[in-house]
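What follows is the residue order along each chain.
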Amino acid sequence: MIQDIDQILIARGAISDRVRELGEAITKNLEDVGEHEIALVAVMTGSLIFVADLMRHLPMKIQIQLMTASSYIGKSTKSNNDPMLGKLPEVKGMHVLLVDDILDSGKTLTRIRTELEQLQPRSIQSCVLLRKKLDSAMHVPCEYVGFDIEDEFVVGYGLDYDGYYRNLPDIGIISP
Ligand code: 5GP
Ligand code: MG
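None of the values given here were measured: they were computed from a predicted structure. (Residues numbered from 1 in each chain as written. Chains lettered and ligands numbered in written order. Predicted model: local features only at pLDDT ≥ 70, side-chain atom pairs only at ≥ 80, totals over all residues. Heavy atoms only, no water.)

J.: Teacher, can you tell me more about the overall build of the protein chain here?
T.: Of regular secondary structure, the protein chain possesses four helices and nine strands. Starting at the N terminus and walking to the C terminus, you meet the elements of the protein chain as β-α-β-α-β-β-β-α-β-α-β-β-β. In terms of C-alpha radius of gyration, the protein chain reaches 16 Å, essentially the compact-globule figure of 16 Å for 176 residues. Across its three principal directions, the C-alpha atoms of the protein chain cover 50 × 35 × 25 Å. Considering the protein chain as a whole, with its 176 residues, one finds that 45% of them fall into the buried category. (Helix = DSSP H or I, 4+ residues; strand = E, 2+ residues; numbered from the N terminus. Rg over C-alpha atoms; globule rule 2.2 N^0.38 Å. Buried < 20%, exposed > 50% of the residue type's maximum accessible area, 1.4 Å probe, protein only.)

J.: So what exactly am I meant to see when it comes to the site of ligand 1 here?
T.: Every one of the 17 residues lining ligand 1 counts as a neighbour, but Ser105, Gly106, Thr108, Val154 and Asp160 are closest to it. Within the contact set of ligand 1, an oxygen atom lies 2.8 Å away from a side-chain nitrogen or oxygen of Asp101. Mapped by element, the contributors of at least two residues to the shell around ligand 1 are β5 (95–103) and α3 (107–117). For the shell around ligand 1, the element with the most residues is β5, which contributes three residues. (Near = heavy atom within 4 Å. Polar contact = N/O pair within 3.5 Å; in protein donor to acceptor, adjacent residues only side chain to side chain.)

J.: Even after reading the chapter, I still don't get the pattern of salt bridges, so can you show me in this structure?
T.: When the charged atoms of two side chains with opposite charge come close together, those side chains can pair. This structure, assessed with the given rule, holds eleven salt bridges. Between Arg56 and Asp53 there is a salt bridge, and its shortest N-O distance comes to 2.9 Å. Here Asp53 falls in the partly exposed class, since its relative accessible area comes to 25%. Between Lys132 and Asp104 there is a salt bridge whose closest N-O contact spans 3.5 Å. (Salt bridge = Lys/Arg side-chain N within 4 Å of Asp/Glu carboxyl O.)

J.: Would you mind showing me how to read the packing of aromatic side chains here?
T.: Following the criterion strictly, the structure yields one aromatic pair and no others. Seen from their ring centres, Phe153 and Tyr161 are 6.1 Å apart, and the 80° between their planes marks the pair as edge-to-face. The same class applies to Phe153 as to Tyr161, namely buried. (Phe/Tyr/Trp six-rings, centres within 6.5 Å; stacked < 30°, edge-to-face > 60°.)

J.: What should I look at first to understand helix α1 (residues 12–30) in this one?
T.: For α1, with 19 residues, the first-to-last C-alpha span of 27 Å sits near the 27 Å given by 1.5 Å per residue. Residues of α1 that are buried include every one of Ile15, Val19, Leu22, Gly23, Ile26, Thr27 and Leu30, and no others. Projected down its long axis, α1 shows its buried positions confined to an angular sector of 135°, all on one face. (Expected span 1.5 Å × (residues − 1). Arc of directions from axis to C-beta.)

J.: Even after reading the chapter, I still don't get the side chain of Thr108, so can you show me in this structure?
T.: Inspection of the secondary structure assignment puts Thr108 in helix α3. Taking the relative accessible area as the measure of exposure, Thr108 reaches 17% and is therefore buried. If sequence neighbours within four positions are ignored, Thr108 has contacts with Ala69, Ser71, Pro83 and Asp100. (Contact = heavy atoms within 4.5 Å.)

J.: Can you help me understand the nonpolar core in this one?
T.: As a rule of thumb, nonpolar side chains are buried together in soluble globular proteins. Counting 29 residues, the largest nonpolar core has Phe50, Leu54, Cys127 and Leu130 as its most contacted members. Elements that contribute at least two residues to this core include exactly α1, β2 (38–44), α2 (48–55), β5, β6 (123–132), β7 (144–149) and β9 (171–173). Counting residues per element, this core draws most heavily on α1, which supplies five residues. For Leu54, the contacting residues outside a window of four places in its chain are Val19, Leu22, Gly23, Ile26, Val99 and Cys127. Judged by nonpolar contacts, the second largest core, of 19 residues, contains Val96, Leu109, Ile124 and Val145. (Core = buried A, V, L, I, M, F, W, Y, C linked by side-chain atoms within 4.5 Å.)

J.: Hey, could you run me through the sheet that holds strand β1 (residues 7–10) in this one?
T.: What the three strands build is an open sheet, ordered β1-β9-β8; its pairing is antiparallel. Every interior strand has two partners, whereas the edge strands, β1 and β8 (154–155), have only one. Across two bridges, β8 lies against β9 in antiparallel orientation. When the bridges of β9 are listed, Val155 appears paired with Gly172. (Pairing = 2+ DSSP bridges.)

Below, the structure is given as structure tokens:
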């Protein structure tokens, strides 16, 4: 697997330091929500490892819900215009922390946030590990961002190419 990777962009140590910082910032901001319930909504499958690590830096009582979104068809590195969403979580009256792996065109996060808003949550905040330095991505509201990266196709730490490389512990670049 590692021989397919052209370059390690973010090594595991840097990822884990940053995930801890994100957890601390989120915890601080959610400290005052009192008895209101918090739902962490993770967008599968790309956020699989990120959310597993992040949730262990969130010491408050928090419900974890998963939903699916897919914007790639087959062996492609370009996201589809219209992401397909799975069953929506139950978030009525809750504070929602929406967690995804990466903001690229921003279509996925925008679409999910719009759908969740219809469900009358008390609030919604978004958190992504990576954001590409693209106008499209920068204009999407996102309260927590791990790393801003160049517009390159990345894999590892949950992110795949054609279903592979999710188990790579670092984030790297491949030339498909
Ligand atoms: P968007 O809707 O913002 O264009 O795309 C978001 C989704 O596309 C992400 O949740 C992620 O699953 C996928 N994606 C976007 N950029 C990349 C990338 O560089 N690498 C991988 N593996 N997936 C990406
Ligand atoms: Mg995704």
